[in-house]
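Survey of secondary and tertiary structure
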Amino acid sequence: MINIVIFGPPGSGKGTQSKKIIEKYGYTHISTGELLRQEIASGSELGHQVEAIISKGELVSDELIIDILSNELDRLGNVPGIIFDGFPRTLNQASELKNMLSDRGTAISALLFLDVPHEVLIERLLKRKSIDGRADDTMEVIENRLRVYQQQTAPVVEFYRKQGKLRTIDGTGSVDEIFNRIDKVLQELQ
Ligand code: C5P
Ligand code: MG
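All figures in this text were calculated on a predicted structure; none of them were measured in a lab.

Further remarks concern the site of ligand 1. Around ligand 1, the structure places 15 residues, and the nearest of them are Arg37, Glu58, Val60, Gly86 and Arg89. Within the backbone of Glu58, a nitrogen or oxygen atom sits 2.6 Å from an oxygen atom of ligand 1. Taking Val60, its main chain carries an N or O atom lying 2.8 Å from an oxygen atom of ligand 1. Put simply, ligand 1 lies in the largest pocket.

Attention now moves to the packing of helix 1 (residues 14–25) against helix 9 (residues 175–189). Two elements in contact, helix 1 and helix 9, have axes whose closest approach is 10 Å; the angle formed by their N-to-C orientations is 55 degrees. Comparing the axis directions of helix 1 and helix 9 gives the class oblique. Helix 1 and helix 9 meet at a crossing whose hand is right-handed. Taking contact as the criterion, the partners of Thr16, Gln17, Lys20, Ile21, Lys24 and Tyr25 in helix 1 are, on helix 9, Val175, Asp176, Ile178, Phe179, Ile182, Asp183, Leu186 and Gln187. Across the contact of helix 1 with helix 9, the residue classes tally to seven nonpolar, three polar and four charged.

Time to look at the pattern of salt bridges. Evaluation of the coordinates by the stated rule reveals 12 salt bridges. Here Asp183 makes a salt bridge to Lys24, at a shortest N to O gap of 2.8 Å. Placement of Asp183 in helix 9 and of Lys24 in helix 1 is noted, with a sequence separation of 159 residues between them. By relative accessible area, Lys24 is classed as partly exposed at 45%. Salt-bridge contacts for Arg145 lead to Asp137; the nearest nitrogen and oxygen are separated by 2.8 Å.

Another point: the packing of aromatic side chains. Under the criterion given, the structure shown has four aromatic pairs. Ring plane angle 50 degrees and centroid distance 6.0 Å describe the contact between Phe7 and Tyr149, whose orientation is recorded as tilted. In this pair, Phe7 is assigned in strand 1 (residues 2–7) and Tyr149 in helix 7 (residues 139–153), connecting sequence segments 142 residues apart. With respect to burial, Phe7 and Tyr149 carry one shared label: buried. Taken together, a centroid distance of 5.5 Å and an interplanar angle of 25 degrees make the contact between Tyr25 and Tyr27 stacked. Like Tyr25, the residue Tyr27 is buried in the burial classification. The structure contains a cluster of three or more aromatic residues connected by ring pairs, namely Phe7, Phe113 and Tyr149.

Basis of the calculations
- Residues numbered from 1 in each chain as written.
- Chains lettered and ligands numbered in written order.
- Predicted model: local features only at pLDDT ≥ 70, side-chain atom pairs only at ≥ 80, totals over all residues.
- Heavy atoms only, no water.
- Near = heavy atom within 4 Å.
- Polar contact = N/O pair within 3.5 Å; in protein donor to acceptor, adjacent residues only side chain to side chain.
- 1 Å grid on protein atoms, 1.4 Å probe; cavity = no way out; pocket = protein on both sides within 12 Å on 5 of 7 lines; lining within 4 Å.
- Sits in = over half its atoms within 2 Å of the grid points.
- Axes fitted to C-alpha atoms, helices over the stretch in contact; angles between N-to-C directions.
- Helix = DSSP H or I, 4+ residues; strand = E, 2+ residues; numbered from the N terminus.
- Parallel < 35°, antiparallel > 145°, perpendicular 65-115°, else oblique.
- Left-handed = near helix turned anticlockwise from the far one by under 90°.
- Contact = heavy atoms within 4.5 Å.
- Nonpolar A, V, L, I, M, F, W, Y, C, P; charged D, E, K, R; others polar.
- Salt bridge = Lys/Arg side-chain N within 4 Å of Asp/Glu carboxyl O.
- Buried < 20%, exposed > 50% of the residue type's maximum accessible area, 1.4 Å probe, protein only.
- Phe/Tyr/Trp six-rings, centres within 6.5 Å; stacked < 30°, edge-to-face > 60°.

Printed below as a string of structure tokens:
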């Protein structure tokens, strides 16, 4: 089984590239951001709590997201491959993911780090706001999400570098140019 973490700051293209990977390789996409947005849309009490956190650009607790993810892995069962998009967001989540996969007899194959300069991220996120209308794509929340990323999420890269699993991808250029770079790495993993 191939397990890929697609990683990078908000606006780096994780969701967009995940779609391309799925089209070509048939892997299953797990977007924790989407799972949280579904929880909000369901109108549940938990959804209300999640909404308050997402609307500020903060992270939900490690316990909550790990719980949601572990349910999703059980629901999926055996699949040829998984793309983890938006998870792990903290070092604690990275080590929990390691345990969760090891309990299921598998492991992360590689972390694809989409490297994109700050100005390009802001430009893309504001553009996305006008297309998708995501509530957390306002300038104020974007700035907080980028700050949270630097403080809590960026250290995850080291966790995978130490295990020899870090693959840095130039995340600038067209969607297809970026995908071709990713594709080269994925072909090596097959
Ligand atoms: O991954 P994505 O950018 O879609 O996530 C949107 C929001 O969902 C994040 O800004 C954060 O508030 C929340 N989130 C989280 N923990 C995760 C993934 C997403 O708190 N593991
Ligand atoms: Mg996304």
